[in-house]
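# Inside the fold
Each chain, written out:
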Amino acid sequence: MTTRLLLAPAVAMLAFGSSAIAQAPAQPKPVQRADFIRTLDGRFNAIDANHDGRISKEEMAAEQQRQLQQAKTKIAQQLQAKFKQLDTNKDGQLSVQEFMAATPAIRTTESPEQMIARVDANKDGKVSADEFRAPELAKFNRVDANHDGVVTPDEIRRAAGGK
Ligand SMILES: [Ca+2]
Ligand SMILES: [Ca+2]
Ligand SMILES: [Ca+2]
């Protein structure tokens with residue numbers, strides 16, 4: 001059960017284009033729509049390695065690998081920290097290797113093609129900056145209950161917690 005709790009944030013991170021709002025509750029500050037778009041564009045540009053304004057299958061695959069690597073590193077660090085905690089009252093009954101081996105493997109659930117297809121509105125096999133923004137902005141607008149262009153911590157809580 002503990003393992004699942006530890007894994008949840010990292011796995012959520014793997015979902016394409018999910019992190020900006022997902023991370024917001026951790027830092028309870030209002031999010032301006034303009035800042036949100038800037039963040040999205042920054043992420044788009046980071047993924048668009050050759051800066052041709054389109055995310056290709058290869059660029060998406062590279063981003064997926066990068067996120068997967070980050071998630072693995074983070075989880076490994078969390079597990080090691082957890083192990084140290086546990087090991088203060090036990091005496092090496094469980095090796096770090098055994099402990100780590102007991103954790104489920106992390107992998108992405110979607111291929112780069114699937115991730116692109118999900119947002120590729122004009123079906124040209126690549127993701128433009130507009131296509132990249134669209135699902136996130138839709139999410140933003142949904143969370144922004146009073147439509148004032150600012151997502152407040154309250155609105156995030158309500159969106160996350162209730163219908
Ligand atoms: Ca590109
Ligand atoms: Ca497209
Ligand atoms: Ca609002």
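Now for a quick tour of the structure. (Residues numbered from 1 in each chain as written. Chains lettered and ligands numbered in written order. Predicted model: local features only at pLDDT ≥ 70, side-chain atom pairs only at ≥ 80, totals over all residues.)

### Notes on the packing of helix 3 (residues 33-47) against helix 7 (residues 129-143)
- Direction vectors running N to C along helix 3 and helix 7 enclose 140°, while the axes themselves pass 10 Å from each other. Judged by the inter-axis angle, helix 3 sits oblique to helix 7. For the pair helix 3 and helix 7, the crossing hand works out as right-handed. Residues Arg33, Phe36, Ile37, Leu40, Asp41 and Phe44 of helix 3 pack against Ala129, Phe132, Arg133, Glu136 and Phe140 of helix 7. (Axes fitted to C-alpha atoms, helices over the stretch in contact; angles between N-to-C directions. Helix = DSSP H or I, 4+ residues; strand = E, 2+ residues; numbered from the N terminus. Parallel < 35°, antiparallel > 145°, perpendicular 65-115°, else oblique. Left-handed = near helix turned anticlockwise from the far one by under 90°. Contact = placed C-beta atoms within 7 Å.)

### As for unusual backbone geometry
- Of note in the backbone geometry, His51 takes a positive phi value of approximately 50° without being a glycine.
- For His51, the location among the structural elements is in the loop between helix 3 and strand 2 (54-55).
- Residue His51 is classed as exposed on the basis of its 7 C-beta neighbours within 10 Å.
- Not every positive phi belongs to a glycine, and Lys123 is a case in point at roughly 55°. (Buried ≥ 20, exposed ≤ 12 C-beta atoms within 10 Å, placed from the backbone.)

### A few points about helix 3
- Taking 1.5 Å per residue, 15 residues should reach 21 Å; helix 3 reaches 21 Å between its end C-alpha atoms and fits that length.
- Among all positions in helix 3, only Phe36, Leu40 and Phe44 are buried. Looking down the long axis of helix 3, one finds its buried residues gathered within 75° of arc, a one-sided arrangement. Turned more than 90 degrees off the buried face of helix 3, the exposed positions are Ala34, Arg38, Gly42 and Ala46. (Expected span 1.5 Å × (residues − 1). Arc of directions from axis to C-beta.)

### A closer look at the nonpolar core
- Counting residues in hydrophobic clusters, the biggest one holds 12 residues: Val31, Phe36, Leu40, Phe44, Ile55, Met60, Met115, Ile116, Val127, Phe132, Phe140 and Val151.
- Where this core is concerned, the elements lending two or more residues are helix 3, helix 6 (112-119) and helix 7.
- Looking at which element gives the most residues to this core, the answer is helix 3, with three residues.
- Looking at which domains feed residues into this core, each of domain 1 (4-21 + 31-101) and domain 2 (112-159) gives three or more. (Core = buried A, V, L, I, M, F, W, Y, C linked by C-beta atoms within 7 Å. Domains from an automatic or database assignment.)

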